[in-house]
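# Structure assessment
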Amino acid sequence: MQKTKKRGLKHWIGKLHLWLGLSTGIIVFIISITGAIYAFQEEITNSIRKDVIFHKEQNIESKTILPLKELEQKINVVTKERFPIHWVTIPVDKSRSYVFYYYEHNPKGWNVFEEYVIYKSVYVNPFTGEILGIYDETRSFFNIIKSIHYSFMLNTNWGVYVCGIPTLIFVFMLISGIVLWWPKNKNARKQRFWFNWKNVKKWKRKNYDLHNILGFYASTFALIIAITGLYYSFFFVQALIYFTFSGGSTSYPDFSHITTKAPIKMRNEHTLDKIGKKVEELYPDAFAYSLDFGYEHIDDHEHPNYSVFVKQLSYSYHINHSLIFDENSGELLHIHDHKDKNLGEKAIAANYDTHVGAILGLPGKILAFIISLICASLPITGFLIWWGRQKKQKHTH
């Protein structure tokens, strides 16, 4: 009489790994491959738009930049958009163009094109007001790739879960994969760390090694990319990251009590210019900062105060500063410098750059690209392992 094999924990982990992998594999593949494509978005976009990013105005040291309100009027005359300009990104290096954005968000739109009613960028020579380029960001190649990666081009309020839940399962797949990979003895260990194909001719064995060995080496980085991606889908991940790095704090710094007190009659055509001048005075070595024009918008979002985001580095967002101004008088009310932030705040600020690898510059992006490609390969090699075993079982029977 044949004895029944005792099925341990590893067996059931293997079963979960298999069926969860088969059920989410196609989604994980799409998320991973779009992540790989998006890795060099900034470098490619900057290369394509190099003629509009730099305005090439001569002798700028002796010239005066036009007021923001005057630039706004010149843009509106050309674009004839029915919506107001939302914000402008101002580079501290004045050889670069100002970038004005039209942006309206409709939370009720069921897909990305209905949700983002308008998302256009306008590159402008700040010395002359000449419009150098207008781009529809909603329909740009990389924004579509990002939308597929982020929410499968569905409404972001619930589309993030379409991507978030499979990514959460993928985190389990990575951990369970390490458990299944773990060698039983020294002899097995030798075959798990590198490809030994000298005497191997069968594609099944090579495919099995690709799945296991590449999966092992990529797992640590893949976990970091996956968890930083989950940040955008689940609040509990955001809270957990902040809690961990802040040393157990559960409350994020709140500056909502710092508000505009000056009467609205103090606001004039040059208030934004006054704010911009102060920002550049405080951070002359920063890369750029953004100023909101303060108009009402479709989503009717309210800001407790007028906050200015200052991006310190050209290639990364993780070092940034926040300044609060009185939007009517243009007076500075509060500075929240990067060096004053706790480790939890810095971890939150670094999340995006960690996710895309930009925190390490170009080498980090190359690493993120390679890891994303490996992650995209895992559902394919995993499926082929299962398919090969199914064929073998049929031949046996």
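Attention here is on the structure that accompanies the text.

Scoring rules and cut-offs
Residues numbered from 1 in each chain as written. Predicted model: local features only at pLDDT ≥ 70, side-chain atom pairs only at ≥ 80, totals over all residues. Heavy atoms only, no water. Axes fitted to C-alpha atoms, helices over the stretch in contact; angles between N-to-C directions. Helix = DSSP H or I, 4+ residues; strand = E, 2+ residues; numbered from the N terminus. Parallel < 35°, antiparallel > 145°, perpendicular 65-115°, else oblique. Left-handed = near helix turned anticlockwise from the far one by under 90°. Contact = heavy atoms within 4.5 Å. Patch = residues over 30% accessible without salt bridge, like charges linked within 9 Å, V, L, I, M, F, W, Y side chains within 5 Å. Areas by Shrake-Rupley, 256 points an atom, 1.4 Å probe, with all protein chains shown as cover. Salt bridge = Lys/Arg side-chain N within 4 Å of Asp/Glu carboxyl O. Buried < 20%, exposed > 50% of the residue type's maximum accessible area, 1.4 Å probe, protein only. 1 Å grid on protein atoms, 1.4 Å probe; cavity = no way out; pocket = protein on both sides within 12 Å on 5 of 7 lines; lining within 4 Å. Points joined across faces, edges and corners; volume = space filled by probe spheres on them. Nonpolar A, V, L, I, M, F, W, Y, C, P; charged D, E, K, R; others polar. Core = buried A, V, L, I, M, F, W, Y, C linked by side-chain atoms within 4.5 Å. Phe/Tyr/Trp six-rings, centres within 6.5 Å; stacked < 30°, edge-to-face > 60°. Lys NZ or Arg CZ within 6 Å of the ring centre and 35° of its normal. Pairing = 2+ DSSP bridges.

Here the focus is the packing of helix α1 (residues 9-38) against helix α7 (residues 156-181). When two helices pack together, their arrangement is captured by the angle between the axes and the distance separating the axes. One way to put it is that α1 packs onto α7 with a least axis distance of 8 Å and a crossing angle of 140°. On the basis of the axis angle, α1 is oblique to α7. Every pair of crossing elements has a handedness; the one defined by α1 and α7 is left-handed. Of α7, the residues touching α1 (which contributes Lys10, Ile13, Gly14, Leu16, His17, Leu20, Gly21, Thr24, Ile27, Val28 and Ile31) are Val162, Cys163, Pro166, Thr167, Ile169, Phe170, Phe172, Met173, Ser176, Gly177, Val179 and Leu180.

Taken together, Trp19, Leu22, Trp203, Phe383 and Trp387 make up a surface patch of nonpolar side chains, about 520 Å² in accessible area. Secondary-structure elements contributing two or more residues to the nonpolar patch are α1 and α14 (361-396). Mapped onto the fold, Leu22 is located in helix α1. Accessibility expressed as a relative area gives 30% for Leu22, which makes it partly exposed.

Tallied over the full model, the rule gives 14 salt bridges. Between Glu280 and Lys94 there is a salt bridge, with the nearest N and O atoms lying 2.8 Å from each other. Taken together, the residues Glu280 in helix α11 (residues 271-282) and Lys94 in the loop between β1 (87-91) and β2 (98-105) connect sequence positions 186 residues apart. Accessibility expressed as a relative area gives 22% for Glu280, which makes it partly exposed. Here Asp136 and Arg139 are joined by a salt bridge, their closest N and O atoms 3.9 Å apart. Overlapping salt bridges bring together Glu42, Glu43 and Lys365 as one network.

Looking at the second largest pocket, its volume works out to about 1400 Å³. What lines the second largest pocket is a set of 41 residues, among which Gly14, His17, Leu18, Leu180 and Arg389 lie closest to the centre. Looking at the lining of the second largest pocket element by element, the count peaks at 14 residues for α1. Residues of the lining of the second largest pocket, tallied by class, amount to 22 nonpolar, 14 polar and five charged.

On to the nonpolar core, then. In this structure, Leu68, Phe100, Leu291 and Val308 are the most contacted members of the largest nonpolar core, which totals 28 residues. Core analysis: the next-biggest nonpolar cluster, separate from the first, contains 21 residues, Ala218, Ile225, Leu230 and Phe234 among them.

Turning our eyes to something else, we now look at the packing of aromatic side chains. Counted according to the given criterion, the structure contains 22 aromatic pairs. Ring geometry for Tyr123 against Tyr135: centres 5.6 Å apart, planes inclined by 85°, an arrangement best described as edge-to-face. Taken together, the residues Tyr123 in strand β3 (residues 116-124) and Tyr135 in strand β4 (residues 131-136) connect sequence positions 12 residues apart. Note on Tyr123: relative accessible area 8%, which makes it buried. Stacked on the ring of Tyr317, the Lys or Arg Lys311 has its end atom at 4.2 Å from the ring centre.

Sheet architecture is open: eight strands sit in the order β4-β3-β2-β1-β5-β6-β7-β8, paired in antiparallel fashion. What marks the edges here is a single partner per strand, and that holds for β4 and β8 (332-336). Strand-to-strand twist of the sheet, defined as the mean angle between neighbouring strand axes without regard to direction, takes the value 20°. In terms of strand pairing, β3 meets β4 through five bridges, oriented antiparallel. Residue Val124 lies in a different strand from β4, and its bridge partner there is Ile131. Lying over the sheet, α11 contacts β1, β5 (288-292), β6 (306-311), β7 (320-325) and β8, oriented at roughly 155° with respect to β5.

Quick look at unusual backbone geometry now. The backbone phi angle of Lys80 is positive, close to 55°, even though this residue is not glycine. Take Lys80: it is sitting in the loop between α4 (68-79) and β1. Although it is not a glycine, Phe152 adopts a positive phi angle of roughly 55°. Tracing the chain through its elements places Phe152 in the loop between α6 (141-151) and α7. Look at Phe152 and you get partly exposed, because its relative accessible area is 24%.

Right, let's talk about the pairing of β1 for a bit. Two strands pair when backbone bridges link them, and β1 and β2 are joined in this way by three bridges, in the antiparallel orientation. Directly across from Trp87, in β2, lies its bridge partner Tyr101. Hairpin connection between β1 and β2: a loop of six residues separates the two successive antiparallel strands.

The interhelical angle for the contact between α6 and α7, taken along N-to-C directions, is 70°, at an axis separation of 6 Å. Judged by the angle between their axes, α6 and α7 are roughly perpendicular. Two secondary-structure elements touch here, α6 through Ile148, His149, Tyr150 and Ser151 and α7 through Thr156, Gly159, Val160 and Cys163. For the contact of α6 with α7, the per-class residue count stands at four nonpolar, four polar and no charged.

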